[in-house]
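Take a look at the letters that make up each chain.
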Amino acid sequence: MKKVRLKWVKNRGLDHIIDRDTDTKACCLLLEYIGRHATQTSSPVPARTLSQFQKNLGLTIPVLRFLRRYPNLFLESPHPRYPSLQCFSLSDPGSLVLSRLSSAAASSDSHLRLARLLMLSQSRSLPLSALFPLRFDLGLPHDFSSTFPSLHPNLFSVSRREPGVAVLSLKDYPADLAISSLQRRHLESPSYRDLKKPPSSLGAPLAFPMRFPRGYGSMNKVKAWMDEFHQLPYISPYADPTGIDPESDLMEKRVVGVLHELLSLTVHKKIKRNYIRKFREEFVLPHKFTRIFTRYPGIFYYSLKCKTSTVVLREGYERGKLVEPHPLATLRDKVNYVMRTGVLYRDKGLTKLVLDVDTGHTPDDYDCGDHDDDDDDVENFILDISDGEEDEEEDGDDDEET
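Residues numbered from 1 in each chain as written. Predicted model: local features only at pLDDT ≥ 70, side-chain atom pairs only at ≥ 80, totals over all residues. Heavy atoms only, no water.

Q: Before we go on, may I ask you to explain the pattern of salt bridges in this structure?
A: When charged atoms on two side chains of opposite charge get close, those side chains can pair. Tallying each qualifying case throughout the model produces 9 salt bridges. Here Glu-32 makes a salt bridge to Arg-135, at a shortest N to O gap of 2.9 Å. With a gap of 103 residues between them, Glu-32 in helix H1 (residues 12-41) and Arg-135 in helix H8 (residues 135-138) connect regions that are remote in the sequence. Of the two residues, Glu-32 and Arg-135, both sit in the buried class. The shortest N-O distance in the salt bridge between Arg-211 and Glu-318 comes to 4.0 Å. Taken together, the residues Arg-211 in the loop between helix H11 (192-196) and helix H12 (220-231) and Glu-318 in strand S10 (residues 317-318) connect sequence positions 107 residues apart. On the accessibility criterion, Arg-211 (29% relative accessible area) is partly exposed. (Salt bridge = Lys/Arg side-chain N within 4 Å of Asp/Glu carboxyl O. Helix = DSSP H or I, 4+ residues; strand = E, 2+ residues; numbered from the N terminus. Buried < 20%, exposed > 50% of the residue type's maximum accessible area, 1.4 Å probe, protein only.)

Now the structure itself:
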């Protein structure tokens, strides 16, 4: 299969959404951390403790400046014993927002998404240190490592692969979950091409939805390349890739399918590139898998916004909004609305919660900014986990591809 080298094109609409959702994620995680700290110690969090989380939160400004932007959610006060030391706690509106986020995370289908993620791996198990940074993207509760094995004992178990390395494993392989999002889409609404195909095996050709940057989709050489690519058999990301030539076009399509399925499992249809790198061996991905994102710009958008590398699934967004918004994503959009109104009125000294509690308004009822395109992203962050600094040297090699 002859490959066409396409130039990377910046998408301002998707970059804007990534920038916006980075702040939303940082706010949600700070709410959770301060709330947990208050529950455990009954005291506010010192400012110097929060200031060290800037990189993990993905913020481009100091954490203290970020907190002071939203006085309707975060209260600043002197330390009870050391007045010169500033502390932060949650306001009443902040506590209300946190309780809603916690309830939504506990009642969501996140355990099924986590099970599918484990099914993508060769050993049906993944280290908890690699799963914690994905917690926000998958919509997992903060204590999923202890609650999921107890709530679903037939599905999950925690063990130690080696000293100091805790691993979450899949005890049972639910075959009904081993159907990719692309396969479900074609089964639910088959296209004309699908109807002409015999209902054969899982290896039948399936076409990925394509949304090329403006001008690329009409190029004859791109059309010919994509037609040839779509004619290749579709290998399910949950199938064993043993026996496939690592250098073949079939393996490349299988890698595209794995990355497509991984992004489909996330709440916001996007993820940081460094987090994917931690699953490279378990998912049987090539060393320089970032080339896949730039080689198939009709499927993925590779963004360098917010001083990090983020991958977005293009089909997940349309006109700046999620095509199929998850209830947790809808609630996070409401949190963003509260944040924006807090910024708008903070100079007037108002700290009133502007979020409608019982009127049933949706985020679409409010102006969430102008977006030219699709896509939304939030930086993954866990206060107790490093942010993958060990991958920075390899990142430089992949960034040269763009």
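Having seen the structure, we can now continue with the description.
Q: Would you mind going over H12 with me for this structure?
A: Residues spaced three or four apart along an α-helix face the same direction, because each turn holds 3.6 residues. Compared with an ideal rise of 1.5 Å per residue, which puts 12 residues at 16 Å, H12 spans 17 Å between its outermost C-alpha atoms and is within 8% of the ideal. Looking only at H12, the buried set comprises Val-222, Trp-225, Met-226, Phe-229 and His-230. Along the axis of H12, the buried positions cluster into a sector of 130 degrees, meaning they face one direction only. Facing away from the buried side of H12, by more than 90 degrees, are the exposed residues Asn-220 and Gln-231. Summarising the contacts, the buried residues of H12 are in contact with helix H13 (249-265) and helix H15 (290-295). (Expected span 1.5 Å × (residues − 1). Arc of directions from axis to C-beta. Contact = heavy atoms within 4.5 Å.)

Q: What exactly am I supposed to notice about the side chain of Arg-116 here?
A: Within the element layout of this structure, Arg-116 appears in helix H6 (residues 110-120). For the buried Arg-116, no salt bridge exists, and the shortest N-O distance to an oppositely charged side chain is 4.9 Å, to Glu-261. Those residues in contact with Arg-116 that lie beyond four places of it in its chain are Leu-177, Ile-179, Arg-184, Tyr-238, Glu-261 and Leu-265. (Lys, Arg positive; Asp, Glu negative; His and termini not counted.)

Q: What exactly am I supposed to notice about the sheet that holds strand S7 (residues 270-272) here?
A: What links the strands of a sheet is backbone hydrogen bonding, and the strands pair in either a parallel or an antiparallel sense. A sheet is described by the order of its strands in space; here 3 strands give the open sequence S7-S9-S8, paired in antiparallel fashion. On the outer flanks of this sheet lie S7 and strand S8 (300-303), each paired with one strand and no other. Neighbour-to-neighbour, the strand axes of the sheet open up by a mean angle of 20 degrees, direction not taken into account. The sheet contact formed by S8 and strand S9 (residues 310-313) spans 4 bridges and is antiparallel. Within S9, the residue paired with Tyr-301 across the bridge is Val-312. Running over the sheet, H1 touches S7, S8 and S9 and is turned about 60 degrees from S8. Along the sheet, H13 makes contact with S7, S8 and S9, crossing S9 at roughly 90 degrees. (Pairing = 2+ DSSP bridges. Axes fitted to C-alpha atoms, helices over the stretch in contact; angles between N-to-C directions.)

Q: Would you mind showing me how to read the sheet that holds strand S5 (residues 156-162) here?
A: Strands sit in the order S4-S6-S5 across an open sheet of 3 strands; the sheet is antiparallel. Sheet topology places strand S4 (125-127) and S5 at the edges, where each strand pairs with a single neighbour. Strand after strand, the sheet turns through a mean of 30 degrees between neighbouring axes, direction not considered. Relative to strand S6 (residues 165-170), S5 runs antiparallel, the two being bridged by 6 bridges.

Q: Is there a simple way to explain the packing of H1 against helix H5 (residues 92-106) in this structure?
A: For any two helices packed against each other, one specifies the inter-axial angle together with the distance between the axes. Two elements in contact, H1 and H5, have axes separated by 10 Å at closest approach and are oriented at 100 degrees. By the criterion of interaxial angle, the relationship of H1 to H5 is roughly perpendicular. Here Cys-28, Leu-31, Glu-32 and Gly-35 of H1 lie close against H5, whose contacting residues are Gly-94, Val-97, Leu-98 and Leu-101. When the residues that make up the contact of H1 with H5 are grouped by side-chain class, the tally is 5 nonpolar, 2 polar and 1 charged. (Parallel < 35°, antiparallel > 145°, perpendicular 65-115°, else oblique. Nonpolar A, V, L, I, M, F, W, Y, C, P; charged D, E, K, R; others polar.)

Q: In this structure, what is going on with the packing of H6 against H13? I would like to understand it.
A: Running from N to C, H6 and H13 cross one another at 160 degrees; their axes reach a closest spacing of 10 Å. By the criterion of interaxial angle, the relationship of H6 to H13 is roughly antiparallel. Judged by the sense of rotation from one axis to the other, the crossing of H6 with H13 is left-handed. Where H6 abuts H13, its residues Arg-113, Arg-116, Leu-117 and Leu-120 lie against Glu-261, Leu-262 and Leu-265. (Left-handed = near helix turned anticlockwise from the far one by under 90°.)

Q: Can you walk me through the environment of Leu-85 in this structure?
A: Looking at where Leu-85 falls in the secondary structure, it is placed in the loop between strand S2 (74-78) and strand S3 (86-90). If we skip the residues at most four places from it in the chain, Leu-85 touches Pro-46, Arg-48, Ser-77, Pro-78 and His-79.

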